[in-house]
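# A look at the structure
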Amino acid sequence: MKKTSTRLADGRELVYYDLRDDAVRDAVDRRPLQPTVTTSEIRRDPLLGDSVAVASHRQGRIYHPPADECPLCPSLDGRLSEIPESSYDVVVFENRFPSLAGDSGRCEVVCFTSDHHASFADLTEEQAGLVLDAWTDRTAELSHLPAVKQVFCFENRGQEIGVTLGHPHGQIYAYPFTTPRTTLMLRSLGAHKEATGGGNLFDAVLERELAAERVVLESEHWVAFVPHAAHWPYEVHLYPRRRVPDLLALGDAARTEFPQVYLELLRRFDRIFDGVGSPTPYIAAWHQAPFGALDVPGDVTRDDFALHLELFTVRRTSGKLKFLAGSESGMNVFINDVPPEAAAQRLREVASS
């Protein structure tokens, strides 16, 4: 992998990740952009104890542009985009309309390929491995920023999810706090560790799932399963067999094997609803341990946390979506219409031949 860092016309950082070591990236952003002005603010809810990002400048962000005006495509034929080069492998740049900025953290966009009409599932294993390298490198870089407490790499795919740009891409949020979801996991880890005299909850969960009927895919270094209490109609958790706290600690063998496993999972997701006529919308989310001191009671360390990826769709059957209505949105109590065992069986049925 070759990494080349540059700046866009308004001062935002852009980083090229290339498969070839001899790649040259010297194109200059010629757009007449003014410095980015953001109004991101973190407000804390005194009752729930969680944080809300208020970012009014995002109202003006680009919304469903036609393919020939996509800002994530390369700059070609006189049309200037966010990427000055005429082609690229993987690109990461600071979001022009960030939810988090400055002392409130940082948001980045990850373009998986220059092909506007592709998806992550269309990538080769080599290309998917390069995306993994980019996620890892950005996690390392962002973790060193003074304001950053947790790094979250994720992909939203499909208009049903709320995606406003059709080009295959993901995002990275660098939060200035530990997110509520991770805080709950850490508290459960601490309680389990105390109750079992040092046991690890992630290890216990993985052991239980391996013995159940919800395993979707196994390899030498990875396990994918539908969890016992899945929140979403089709939800898969992907764990490395050897527990590590983040992408930085992932071993070489697991890194090498990841593209094959992950691409197979994504392709199965696209085959769940045969005949629908549109790709399966999904969210893919990496869970990594926070950096620095952990703000939870008990003897919990970063090494107790288990890196894992959650992949889920809001589509529950052909032509029907799972909406977060009263119980989910009002009380955070999910109601799942698809039994996890049935979801796992379906995901095994659509395996590649």
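Residues numbered from 1 in each chain as written. Predicted model: local features only at pLDDT ≥ 70, side-chain atom pairs only at ≥ 80, totals over all residues. Heavy atoms only, no water.

## Remarks on helix H2 (residues 180-195)
Along its 16 residues, H2 runs 23 Å from first to last C-alpha, staying within 8% of the 22 Å computed at 1.5 Å per residue. Along H2, the positions that sit buried rather than exposed are Thr182, Thr183, Met185, Leu186, Leu189, Gly190 and Lys193. For H2, the buried positions fall inside an angular range of 160° around the axis, keeping them on one side. More than 90 degrees from the buried face of H2, the exposed residues found are Leu184 and Ala195. Looking at the buried side of H2, the elements it contacts are strand E7 (150-157), helix H3 (201-210), strand E12 (282-287) and strand E13 (308-313). In the segment just after H2, Gly197 is the residue with positive phi, at about 70°. (Helix = DSSP H or I, 4+ residues; strand = E, 2+ residues; numbered from the N terminus. Expected span 1.5 Å × (residues − 1). Buried < 20%, exposed > 50% of the residue type's maximum accessible area, 1.4 Å probe, protein only. Arc of directions from axis to C-beta. Contact = heavy atoms within 4.5 Å.)

## A few points about the nonpolar core
Counting residues in each nonpolar core, the largest one holds 54 residues, and the members touching the most others are Phe120, Trp135, Leu238, Tyr262 and Trp286. In terms of residues, this core owes the most to one element, helix H4 (residues 252-271), which gives 8 residues. Leaving out residues up to four positions away in the same chain, Leu238 has contacts with Trp222, Val223, Ala224, Phe258, Val261, Tyr262, Leu265, His308 and Leu309. (Core = buried A, V, L, I, M, F, W, Y, C linked by side-chain atoms within 4.5 Å.)

## With respect to the state of the cysteines
Within this structure, the stated rule accounts for 0 disulfides. We note that Cys107 lacks a disulfide partner, and the nearest cysteine sulfur, in Cys153, lies 12 Å from it. Among the residues examined, Cys107 registers a relative accessible area of 2% and is labelled buried. (Disulfide = S-S within 2.5 Å.)

## Here's the deal with the pattern of salt bridges
For side chains of opposite charge, pairing can occur when their charged atoms come near one another. In total, this model carries 33 salt bridges according to the counting rule given. The closest approach of N and O atoms between Glu108 and Arg138, which form a salt bridge, is 2.8 Å. On the criterion of sequence distance, the pair formed by Glu108 in strand E6 (residues 106-111) and Arg138 in helix H1 (residues 125-143) is long-range, its members being 30 residues apart. Among the residues examined, Arg138 registers a relative accessible area of 2% and is labelled buried. If you follow the salt bridges from partner to partner, you end up with Lys3, Arg7, Glu13, Glu94, Arg106, Glu108, Asp137, Arg138 and Glu141 in one network. (Salt bridge = Lys/Arg side-chain N within 4 Å of Asp/Glu carboxyl O.)

## Some thoughts on the pairing of E7
Counted residue by residue, E7 has 7 buried out of 8 residues, so it is predominantly covered. Here E7 pairs with E12 via 4 bridges, running antiparallel. Across the sheet, residue Glu155 finds its bridge partner in E12, namely Ala284. (Pairing = 2+ DSSP bridges.)

## Focus on the pairing of strand E5 (residues 90-94)
By the criterion of burial, E5 is predominantly enclosed, with 5 of the 5 residues buried. Side chains Val90, Val92 and Glu94 project from E5 onto one buried face, and the interleaved Val91 and Phe93 project onto a second face that is buried too. Direction of pairing for strand E2 (residues 13-18) relative to E5: antiparallel, over a ladder of 4 bridges. Residue pairing in the sheet places Leu14 in a bridge with Phe93 of E5. Here E5 runs beside E6; their pairing, made up of 4 bridges, is antiparallel.

## Remarks on the packing of aromatic side chains
Applying the stated rule across the entire model yields 19 aromatic pairs. Ring plane angle 90° and centroid distance 5.5 Å describe the contact between Tyr234 and Phe273, whose orientation is recorded as edge-to-face. In this pair, Tyr234 sits in strand E11 (residues 234-240) while Phe273 sits in the loop between H4 and E12, placing the two residues 39 residues apart along the sequence. With respect to class, Tyr234 is no different from Phe273; both count as buried. Grouped by ring-pair contacts, the aromatic residues Phe112, Phe120, Trp135, Trp222, Phe258, Tyr262 and Trp286 constitute a single cluster. The positively charged end of Arg302 is found above the aromatic ring belonging to Phe291, 4.5 Å away from the centroid. (Phe/Tyr/Trp six-rings, centres within 6.5 Å; stacked < 30°, edge-to-face > 60°. Lys NZ or Arg CZ within 6 Å of the ring centre and 35° of its normal.)

As far as function goes, none of this settles anything; it's purely spatial.
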